Amino acid sequence: MSTVNDISSVNPDLNSEVMSKVDDIIEHYKNMPGCLIPVLEDSQRVVGYLPVELQEYISEAINIPESTIYGVVTFYSYFTMIPKGRHTIKVCMGTACYVKGIGEVLNRLESQLKLKVGGTTDDRRFSLEAVRCLGACGLAPVVVIDSDTHGGVSPDKLENILSQYQ
Ligand code: FES
């Protein structure tokens, strides 16, 4: 079986502290039928994503083929193999925001942060998501960063807004 030292040298996100939590999760579920999904859910909650090295580790630990685990991870949109940034930017693509120019805001975000929707910046500062109506249409166009709602956003306001999140 892969050891924690092996895995953390390949992927520093899987350090001994994180992997001890993953081991607890595996221990908790491993003898239950249908344990794979809860193991993946809880592991993603701890690690933030499900890298291939972690899938291999789980595969050995619960004796389920890697191909099966990979199939589940890629089938359910809830699971991700992409690391998340420290801050998540949600750009509202609902009708009201669209009409008020969210497209230009999104374009500026993508070029300024050098990433596409669904991606994370190389320094892991931001992840970028496009979402449906956030229920704050009166503030359109709307961008939510972590739990903060920013209304009336324009491309030129972005720099100031982003500077609040390090
Ligand atoms: S359309 Fe953007 S908040 Fe409703």
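What counts as what
- Residue indices begin from 1 for each chain and proceed along its sequence in written order.
- Side-chain atom pairs in this predicted model are given and counted only at pLDDT of 80 or more, local residue features only at pLDDT of at least 70, and totals for whole chains, interfaces and linings cover all residues.
- Where side-chain values are given, they derive from all heavy atoms of the structure, hydrogens and water being excluded.
- We call Phe, Tyr and Trp rings a pair once their centres come within 6.5 Å, taking the six-membered ring for Trp, and we label the pair stacked below 30 degrees between planes, edge-to-face above 60, and tilted otherwise.
- Each residue's exposure class comes from its accessible area (1.4 Å probe, protein chains only) as a fraction of the maximum for that residue type: buried when under 20%, exposed when over 50%, partly exposed otherwise.
- Here a helix means four or more residues in a row that DSSP labels H or I, a strand means two or more in a row labelled E, and each is numbered from the N terminus.
- Residue contacts are counted whenever heavy atoms from the two residues lie within 4.5 Å of one another.
- When a carboxyl oxygen of Asp or Glu lies within 4 Å of a side-chain nitrogen of Lys or Arg, that pair is called a salt bridge.
- Boundaries between domains were set according to an automatic or database domain assignment.
- Each residue after the first adds 1.5 Å to the expected span of a helix.
- Should DSSP find at least two bridges between two strands, the strands are taken to pair.
- Of all possible arcs, the one meant is that of the directions from the helix axis to the C-beta atoms.
- Note on terminology: a nonpolar core comprises buried Ala, Val, Leu, Ile, Met, Phe, Trp, Tyr and Cys residues joined through side-chain atoms within 4.5 Å.

Quick word on the packing of aromatic side chains
Scanning the entire structure with this criterion turns up three aromatic pairs. On the numbers, 5.0 Å between centres and 90° between planes, the contact of Phe-75 with Tyr-76 is edge-to-face. Under the relative-accessibility criterion, Phe-75 is labelled exposed at 64%. With relative accessibility at 39%, the residue Tyr-76 sits in the partly exposed group. Geometrically, the ring pair formed by Tyr-78 and Phe-79 is edge-to-face, given 5.2 Å between the ring centres and 70° between the ring planes. A network of ring pairs unites the aromatic residues Phe-75, Tyr-76, Tyr-78 and Phe-79 as a single cluster.

Observations concerning the side chain of Asn-11
Note on placement: Asn-11 falls in the loop between helix H1 (4-10) and helix H2 (16-29). Look past the residues within four positions of Asn-11 in its chain and what remains in contact with it is Tyr-49, Pro-51 and Glu-53.

Looking at the pattern of salt bridges
Counted under the stated rule, the structure contains six salt bridges. The salt bridge involving Lys-30 is made with Glu-27; its shortest N-O contact spans 3.5 Å. With relative accessibility at 52%, the residue Glu-27 sits in the exposed group. Across the pair Arg-108 and Asp-156 runs a salt bridge whose closest N-O atoms are separated by 3.2 Å.

Description of the domain arrangement of the protein chain
Under the domain assignment used here, the protein chain contains domain 1 (4-75) and domain 2 (87-162). On a C-alpha basis, the centres of domain 1 and domain 2 stand 32 Å from each other.

Notes on helix H3 (residues 36-47)
Between its terminal C-alpha atoms H3 stretches 16 Å, which fits the 16 Å expected from 12 residues at 1.5 Å a residue. Within the span of H3, buried status applies to Leu-36, Pro-38, Val-39, Leu-40, Asp-42, Ser-43, Gln-44 and Val-47. Next to the buried residues of H3 lie H2, helix H4 (52-62) and helix H5 (66-75).

A few points about the pairing of strand S1 (residues 87-92)
In terms of burial, S1 is a largely internal element, five of the six residues being buried. Here S1 pairs with strand S3 (residues 143-145) via three bridges, running antiparallel. Its bridge partner being in S3, Ile-89 is matched across the sheet by Ile-145.

Some thoughts on helix H7 (residues 102-113)
Taking 1.5 Å of rise per residue, 12 residues should cover 16 Å, and H7 covers 16 Å from first to last C-alpha, within 8% of that figure. Of all the positions in H7, only Ile-102, Val-105, Leu-106, Leu-109, Glu-110 and Leu-113 are classed as buried. On an axial view of H7, the arc spanned by its buried residues comes to 130°, and they lie on one face. Where H7 is buried, its residues meet S1, helix H6 (95-99), strand S2 (126-131), S3 and helix H8 (158-162). Backbone geometry just downstream of H7 places Lys-114 in the positive-phi region, at approximately 55°.

Observations regarding the nonpolar core
The biggest cluster of nonpolar side chains holds 24 residues, and the ones touching the most others in it are Met-19, Val-22, Ile-26, Leu-40, Val-47, Leu-54 and Ile-58. Among the elements of the structure, H2, H3, H4 and H5 are those that each provide at least two residues to this core. Ranked by residue count, the leading element in this core is H2, at six residues. For Val-22, the contacting residues outside a window of four places in its chain are Ser-43, Val-47, Leu-54 and Tyr-57. Within the second largest apolar cluster, 22 residues are counted, among which are Cys-97, Leu-109, Phe-126 and Val-144.

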